[in-house]
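# Residue-level structure breakdown
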Amino acid sequence: LLEKNVWKPNRIYESANDLYAAEEYLDAYDVYISLGDYKDAVEIASTCITKNAQKLAGREDVIIGTSKSMPWFKIDEYGAISFDGDKYKGVTELTVPDVFDNTLVTAVRDKGFFYAKVEKVILPPSVRRIEEQGFFASDITEIVLPDSVEFIGEKPLKIAQSLQRSLFLQSSRRSVRHHSATATS
């Protein structure tokens, strides 16, 4: 009986290792997390998030943030990030991290940059979605969107009258034609 109980986690662990070796980091992450405290599964799961961000970004130097190091950001369980300008004491350019609180940043939340008092926002290549009114009523004058953006919700820039220039890359440009934003390359 003891042999069966040890064999099953070992097999699942090996399966996670195979996924990791195949660079299927998000699938490997799910399997490692399912193992809980078995061996070094928790540590490797954390590495999977960083490795996936590096793979998406095409670079090793991904930006990793935490609630402690960047308290002006919040992220939900789906990877949608938001910004709290009252907690931000930085410069006018804001770079959103690739990974925040060990979660890959995949979206800007609905009204995620509500009343943001920054001039320029640079989104990481892991971002796929800009939810409805993502930059609502902000002072942003420039947004740098990665080519990975597949969806932009209704009125992403509502009342963001200061927006002067946006960089919409090729695949993003198709998705935003119906929005009242300026697209330049």
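Please refer to the structure higher up on the page.
A few words now on helix 3 (residues 41-57). Its 17 residues place the ends of helix 3 24 Å apart at the C-alpha level, agreeing with the 24 Å of an ideal helix rising 1.5 Å per residue. Within the span of helix 3, buried status applies to Ala41, Ile44, Ala45, Cys48, Ile49, Asn52, Ala53, Gln54 and Ala57. Once helix 3 finishes, glycine 58 follows within two positions and takes phi at roughly 70°, a positive value.

Our focus in this paragraph is the sheet that holds strand 6 (residues 103-104). Across a sheet, strands are paired by hydrogen bonds formed along the backbone, either parallel or antiparallel in direction. One open sheet accounts for 3 strands, arranged 1-5-6; its pairing is mixed. Looking at strand neighbours, the two that pair on one side only are strand 1 (64-65) and strand 6, the edges of this open sheet. Across 2 bridges, the pairing between strand 5 (residues 99-100) and strand 6 is antiparallel. Residue pairing in the sheet places phenylalanine 100 in a bridge with threonine 103 of strand 6.

So, about the pairing of strand 3 (residues 80-83). Consecutive side chains along a regular strand alternate between the two faces of the sheet. Residues Ala80 and Ser82 line one face of strand 3 and the alternating positions Ile81 and Phe83 line the opposite face, and both faces are buried. Where strand 2 (residues 73-75) and strand 3 come together, 3 bridges link them in antiparallel fashion. Its bridge partner being in strand 3, lysine 74 is matched across the sheet by serine 82. Counting the residues between successive antiparallel strands, the hairpin from strand 2 to strand 3 contains 4 residues, one of them, glycine 79, with a positive phi of roughly 90°. Here 2 bridges tie strand 3 to strand 7 (residues 107-108), and the two strands are oriented parallel to one another. Paired with isoleucine 81 across the bridge in strand 7 is valine 108.

Look at helix 2 (residues 25-34) against helix 3: their axes get within 8 Å of each other, and the N-to-C directions meet at 165°. Classified by the interaxial angle, the pair formed by helix 2 and helix 3 is roughly antiparallel. In this structure, helix 2 crosses over helix 3, and the sense of that crossing is left-handed. Contacts from Tyr25, Leu26, Ala28, Tyr29, Tyr32 and Ile33 in helix 2 reach Ala41, Ile44, Ala45, Cys48, Ile49, Lys51, Asn52 and Lys55 in helix 3.

Cut-offs applied
- Residues numbered from 1 in each chain as written.
- Predicted model: local features only at pLDDT ≥ 70, side-chain atom pairs only at ≥ 80, totals over all residues.
- Heavy atoms only, no water.
- Helix = DSSP H or I, 4+ residues; strand = E, 2+ residues; numbered from the N terminus.
- Expected span 1.5 Å × (residues − 1).
- Buried < 20%, exposed > 50% of the residue type's maximum accessible area, 1.4 Å probe, protein only.
- Pairing = 2+ DSSP bridges.
- Axes fitted to C-alpha atoms, helices over the stretch in contact; angles between N-to-C directions.
- Parallel < 35°, antiparallel > 145°, perpendicular 65-115°, else oblique.
- Left-handed = near helix turned anticlockwise from the far one by under 90°.
- Contact = heavy atoms within 4.5 Å.

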